There are 4 protein chains.
Amino acid sequence: VTSALTPASTPARTNFSSDNYAGVHPAVLDALGEASGGHVTAYGDDPWTALATARLSEAFGAAGVFFVFNGTAANVLGISLMLRPYEAVICTEGAHLNVDEGGAAERIVGCKLLTVSAADGKLTPELVSTRLGSRGDEHRVQPRVVAITQATEVGTCYTVDELARLAEFCRANGLLVFMDGARLANAAAFLGCPLADLSVHVDALSFGGTKNGAMGAEALIVMNSALLTTVPFVRKQQMQLASKMRYLAAQFNALLDDDLWLRNARHANAMAHRLADGAAGIPGVDLWQPVESNGVFAALDPALIEPLRRDWPFHIWDPDQHVVRWMAAFDTTKDDVDAFLSAIRALAGAPTS
Amino acid sequence: VTSALTPASTPARTNFSSDNYAGVHPAVLDALGEASGGHVTAYGDDPWTALATARLSEAFGAAGVFFVFNGTAANVLGISLMLRPYEAVICTEGAHLNVDEGGAAERIVGCKLLTVSAADGKLTPELVSTRLGSRGDEHRVQPRVVAITQATEVGTCYTVDELARLAEFCRANGLLVFMDGARLANAAAFLGCPLADLSVHVDALSFGGTKNGAMGAEALIVMNSALLTTVPFVRKQQMQLASKMRYLAAQFNALLDDDLWLRNARHANAMAHRLADGAAGIPGVDLWQPVESNGVFAALDPALIEPLRRDWPFHIWDPDQHVVRWMAAFDTTKDDVDAFLSAIRALAGAPTS
Amino acid sequence: VTSALTPASTPARTNFSSDNYAGVHPAVLDALGEASGGHVTAYGDDPWTALATARLSEAFGAAGVFFVFNGTAANVLGISLMLRPYEAVICTEGAHLNVDEGGAAERIVGCKLLTVSAADGKLTPELVSTRLGSRGDEHRVQPRVVAITQATEVGTCYTVDELARLAEFCRANGLLVFMDGARLANAAAFLGCPLADLSVHVDALSFGGTKNGAMGAEALIVMNSALLTTVPFVRKQQMQLASKMRYLAAQFNALLDDDLWLRNARHANAMAHRLADGAAGIPGVDLWQPVESNGVFAALDPALIEPLRRDWPFHIWDPDQHVVRWMAAFDTTKDDVDAFLSAIRALAGAPTS
Amino acid sequence: VTSALTPASTPARTNFSSDNYAGVHPAVLDALGEASGGHVTAYGDDPWTALATARLSEAFGAAGVFFVFNGTAANVLGISLMLRPYEAVICTEGAHLNVDEGGAAERIVGCKLLTVSAADGKLTPELVSTRLGSRGDEHRVQPRVVAITQATEVGTCYTVDELARLAEFCRANGLLVFMDGARLANAAAFLGCPLADLSVHVDALSFGGTKNGAMGAEALIVMNSALLTTVPFVRKQQMQLASKMRYLAAQFNALLDDDLWLRNARHANAMAHRLADGAAGIPGVDLWQPVESNGVFAALDPALIEPLRRDWPFHIWDPDQHVVRWMAAFDTTKDDVDAFLSAIRALAGAPTS
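Residues numbered from 1 in each chain as written. Chains lettered and ligands numbered in written order. Predicted model: local features only at pLDDT ≥ 70, side-chain atom pairs only at ≥ 80, totals over all residues. Heavy atoms only, no water.

Student: Help me get a handle on the relation of the copies chain D and chain C, residues and values and all.
Tutor: Both copies of the chain are related through a single rotation about an axis accompanied by a shift along the same axis. Once turned by 180° and shifted 0.0 Å along the axis, chain D lies on chain C with an RMSD of 0.0 Å. Seen this way, the second copy is the image of the first under a two-fold rotation axis. Residue I108 of chain D, judged by its C-alpha, is the member of chain D lying nearest the rotation axis, at 3.0 Å. (Least-squares fit on C-alpha atoms with pLDDT ≥ 70 in both.)

Student: Please give an account of the interface of chain C and chain A that cites residues and values.
Tutor: Taken together, the contacts link 20 residues of chain C with 20 residues of chain A. Buried surface at the junction of chain C and chain A, both sides included, amounts to about 1,800 Å², of which 63% is carbon and sulfur. Considering only the side of chain C, the residues that lose the most area to chain A are Y86, E138 and F233 of chain C, jointly responsible for 40% of the buried surface there. Our count for the chain C to chain A interface comes out at 2 salt bridges. (Contact = heavy atoms within 4.5 Å. Buried area = accessible area lost by both parts, 1.4 Å probe. Salt bridge = Lys/Arg side-chain N within 4 Å of Asp/Glu carboxyl O.)

Student: Could you give me a rundown of the sheet that holds strand β1 (residues 64-68) of chain B, with the residues and numbers involved?
Tutor: Residues and elements named next belong to chain B. In spatial order, the strands read β1-β7-β6-β5-β4-β2-β3; together these 7 strands make up an open sheet with mixed pairing. The sheet is open, and its two edges are formed by β1 and β3 (113-116), each paired on a single side. When strand polarity is set aside, the average angle formed by the axes of neighbouring strands in this sheet is 25°. Of the pairings in the sheet, the one linking strand β6 (residues 204-208) to strand β7 (residues 218-222) comprises 5 bridges and is antiparallel in character. Pairing of S206 across the sheet is with L220, part of β7. (Pairing = 2+ DSSP bridges. Helix = DSSP H or I, 4+ residues; strand = E, 2+ residues; numbered from the N terminus. Axes fitted to C-alpha atoms, helices over the stretch in contact; angles between N-to-C directions.)

Student: Tell me about the nonpolar core, and name the residues and values.
Tutor: Within the largest apolar cluster, 128 residues are counted, with the highest numbers of intra-cluster contacts made by F207 of chain C together with F207 of chain D. Residues contacting F207 of chain D, with those up to four places away along its chain left out, are L56, F60, G181, L184, A185, L195, E218, A219, I221, F252 and W261 of chain D. Counting 127 residues, the second largest nonpolar core, distinct from the first, contains I148 and L260 of chain A together with I148 and L255 of chain B. (Core = buried A, V, L, I, M, F, W, Y, C linked by side-chain atoms within 4.5 Å. Buried < 20%, exposed > 50% of the residue type's maximum accessible area, 1.4 Å probe, protein only.)

Student: Any details on the packing of helix α3 (residues 47-60) of chain D against helix α12 (residues 246-256) of chain D? Residues and values, ideally.
Tutor: Residue and element names in this part refer to chain D. Where α3 meets α12, the closest approach of the two axes is 8 Å, and the angle between their N-to-C directions is 45°. Comparing their axes, α12 and α3 come out oblique. Like other packed secondary-structure pairs, α3 and α12 cross with a definite hand, here left-handed. Touching W48, T49, L51, A52, R55 and L56 of α3 are R246, A249, A250, F252, N253 and L256, all from α12. Here the contact of α3 with α12 is composed, by residue class, of 8 nonpolar, 2 polar and 2 charged. (Parallel < 35°, antiparallel > 145°, perpendicular 65-115°, else oblique. Left-handed = near helix turned anticlockwise from the far one by under 90°. Nonpolar A, V, L, I, M, F, W, Y, C, P; charged D, E, K, R; others polar.)

Student: Residues and numbers for the pairing of strand β5 (residues 176-180) of chain D, please.
Tutor: Residues and elements named next belong to chain D. Counting buried residues along β5, 5 of its 5 residues qualify, which places the element largely inside the surrounding structure. Across 5 bridges, the pairing between strand β4 (residues 142-149) and β5 is parallel. Across the sheet, T149 pairs through a bridge with D180, a residue of β5. After leaving β4, the chain enters helix α8 (residues 160-172) and then returns to the sheet as β5, a path that is right-handed. Of the pairings in the sheet, the one linking β5 to strand β6 (residues 204-208) comprises 2 bridges and is parallel in character. Paired with M179 across the strands is L205, a residue of β6. (Right-handed = clockwise from strand over helix to strand, strands pointing away.)

Student: Can you explain the interface of chain D and chain C? Please cite residues and give values.
Tutor: Taken together, the contact between chain D and chain C spans 60 residues of the former and 60 residues of the latter. Here chain D packs against chain C, burying approximately 5,000 Å² in sum over the two surfaces, 60% of which is carbon and sulfur. Three residues stand out in chain D for area buried against chain C, namely H39, M239 and K244 of chain D, and they jointly supply 18% of the buried area on that side. Put simply, chain D and chain C have 0 salt bridges between them. In this assembly, chain D and chain C are joined by 34 residue pairs in polar contact (both at pLDDT 80 or more). Here the side of chain D that touches chain C gets 4 residues from one element, more than from any other, and that element is α3 of chain D. Counted by class, the side of chain D that touches chain C contains 27 nonpolar, 22 polar and 11 charged residues. (Polar contact = N/O pair within 3.5 Å; in protein donor to acceptor, adjacent residues only side chain to side chain.)

Student: Go over helix α4 (residues 71-80) of chain C with me, naming the residues and quoting the values.
Tutor: In terms of burial, α4 of chain C is largely enclosed, as 9 of its 10 residues are buried. For α4 of chain C, the complete set of buried residues consists of T72, A73, A74, N75, V76, L77, G78, I79 and S80 of chain C.

Student: Please set out the side chain of S18 of chain B residue by residue, giving values where relevant.
Tutor: All names here are of chain B. Considering the arrangement of structural elements, one finds S18 in the loop between α1 (2-5) and α2 (26-34). A distance of 2.9 Å separates a polar atom in the side chain of S18 from a polar atom in the side chain of N20. Aside from chain neighbours lying at most four places away, what touches S18 is R325 and M327.

Below, the structure is given as structure tokens:
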């Protein structure tokens, strides 16, 4: 009977579509099992949650840590803490918050997103200042939050200096900073800096576990203690309070053990670099953005795209410019990369390396 | 090092505070591990999700099945599908939707809840009709959805006939029915009927996995096909679209294998009955509601409450009436029940049984 | 041609359905004409608005005054200033905010209304305290605002002492107070006190012009200066910023000249008393609430209701108890009252007075 | 006493800042007085409302007509009728809905606005199609409404053919069309077509009275009868249901009498043309958009702007391009235009004409 019910007899081949196509790291699975004995208080008053909260608070220098189910929720909860009803968020046009969250910012938070175009996915003081013109005008929303993504949606990273400069500008202009850290681990791995070097410049951020080898767990890290009071209530209202919270916390505990989060991120970044390095010389492949995390964004000869996707699914990032996205995950192997590169070379008529 | 990081060296003792104080059933844990190999498409286009969806669709006779993270989300998503901006939900004063969801109905859905008092937690056509007076009056919200809970928040169950009668009334009055099934398994176990006998009377319902031995997974079961179109978009907007969806689905697959959901529910119900039967004769303990699922609601001699809670945490349901709630879970043992009964008897000065 | 376009050749007879069935006081009409010459800055930066704002600020001892179009808007804007997303309002079941605003509190503000039953329409510290039980529980909305109505929806008034006692309780319990003053003029006339004696006990209130002889103008009076910052932005967002603001202000200027507001309110109150006094002795008519403003609420012999409404439209307030509402307006005459009383007497078979 | 209370002893000079700086047309004032006798049913069940509704329904070929207080409200109500929670509106970046409504679309409706850049303020099928790429993707909002403005925010008009072409495209692509007609009268006057030639191409539109000589009254004109059911309830919920509705209706009756609306619009348009014609030859003045309604948009020598605004207030439309906006109103005279032109010429060092 069970064989009929087994959905996949053999693991599917690794592909480069998204880091959330990957499964769960074995250490995370183990941690879930270890967290499973006996009864503990629901909703977070349990030792696993206490431990993960303490460890993340220390790592980030945080005022508070709150677990939620997914990245959209972390973003929405984070900006919710910062906004009055008429206040707005400044972000890039390509921000996940703007394009990939189903309109949650507008409907769940009720705020307008003031977008600026940024090919490399990064905001600067100059770009932010272009959206500050309407301050004090009661007819217009009032900018209050600058939302950035680290690593960005196009695989780039803010340097620590860039973060510091943006943060200084925001403080001087009465703006709070939220950082979408769905791939913060990859940014920290690329930059080679402690997590606290990234968090110190913002008022709140998310720290993504899911794309880093977890099953499904994100942490909202609150740096600005003035924002703390409302979090538990808004998290519950936004349907993000897990009853069996220990299982969200246990995932983070596993990622924190022996810096598994960092090892996973370094590995994924390395695989992306291997892919980019190998693809760089193939005719019809042009890297579109520098590879600063675990994603490769490349403009392809249009004739290559669909044939390549037949066996290797991946996202077309910008159809007009023929830009595609290839993501490496914690479990991507060198062989996976090399097999993919071979497929590209074959289609491009390039010699095998 | 790791020992310092181990939050709980021994499993905590089972208590009767809530069925979500329990951990995860071993078969569910196993299923999570089995789902973990290789890359699959994110967001639900994977074989585990296809399988769980097909099995639940068949079991419920459903038009569509959609997984979400928790029970509040299932309720909010469910009623969201049914309401125009000025339409309202009729429910009991004690409905989870009304009292325990942090105001999500009002803020996330934007709807008013028209409540009626019901000591046994059950709506009737007569009770519903008391809230229909304002129909057609543009100054007032328009009732559109009747939201019920099965099993109810006070441990009672609608009989299939009661459901049928309520459903008939609602259809005749242009009302849709949503059923909060956070403990639907316990209701089906008590009533001894197939799940489809319960779902056939409603437009949408939730089917709770979390309190039934899952780690954290609920299913929104849509019966009325007119409601289907909007679900994927609203689920995403409400921050309930899991990227690694296979792990929500795998939990349901485990619960469906060999009717584990039913065995878990029967066991929890049996433990609640054992507790109720044992407690019934103890001086100072009066059963407040019939035990029709896995919860025991009893009015206690006030002098017993705090001493008993010192070692055995549980919720005070109604402080004014000294009503307490004791919940049994899938992993509650006869020894747990008997130890708890002994503790009650000792405090009550009753002879050991 | 124009005669065909004239909708009403003769004025309709005064009835007792609602004080907003009345037209506009001639002095208000004159003020609109006088405000009409030349160009002035839109949106409130004009001399009429400055004057009305200054006069109302002085009369109420207010921190700020903001004009809006109608009473629902004044209520919604007022509570919007006071609430974080998870905070709730305590009000009576019969509050206009709860029953007659189309669900605006829930959809526009996004807040839950925690209601208490109060036959006389008045909240007390004791009633409010019944809704404070869930403070600090993240699963539940957090009470933050107590919303009262003065005069109440059933024609009663809080005494100044009652207001003071309620306000003291609220301050001591971290609650803000909003007062719906759609008929505040009638309350002030009944109580014989300055407006400032009423406003001093609350954080914000509305002052209704429309039911007092204006064409359509309400003022939000903000007492608590901590609430001021957000008002202009939220008023605009809630679609209540008039471009030709001078015409809202001019209506208030007319009502303030020579205390027209007070004379109108006293007259309406007197007509309600005349009606109540005359009706009190008629068989089948029982006054249901004391007459403390411009409304008479009476329980009628059911056989009288529909025959009487044939010629004299009025609202049935409570169909179960056969309670009806009769409202007097600024332009109700003694003859109107006496004619209505004659009609009641005739139907009741009572001797003419 | 009253002199101290008179805010403006002499009418302020006409300026070109906005058409809502003007007062009320005398015929509208007269109509308000004529509507003022006696008691009529509140909330729109009165003869003035019936008459205005019938006349506007006929003029537009409408399925329904609903009065509201201001233009922002008409826009918000209009799009509210058309959208499910995850659906979005396509509009220009410069749309009033996007920039000048305080974020009401996002907070009150809860929808995302998908904007496109359009210097002339007009959407085309080509521009709309650039925002249709995400259809069917559950991660993204789904475009459902195309919102246009006629006359546009920069004084241009869609020709009837352009409207027809856009409407055809929208119908073919499952999109509804909403038209912001705050200055629809000016567009109809410019185009020389009946109102019905404009309305026939859209699903709903607003018809602005305020900028056309009313005191404050806008009509939502519903063409698509499938949208009708919800209007009364949503209008109330959005705080736009006037109790003394007759005074909104009376304003429209006055504007409809002898086509006052058209005469007012033609006059304002003519004054704008006179201003544009006179300004065209002045050094340092370059018309930026064709004058197709009652506004003149011109790029000025930066040195002229502030000196000119000292005596003649007007808005700077685009600070970067030194574009200013001059609006003519129904009461702008040739002398006003000529005096303003003289002032410009004097500052520009140009010979008097």
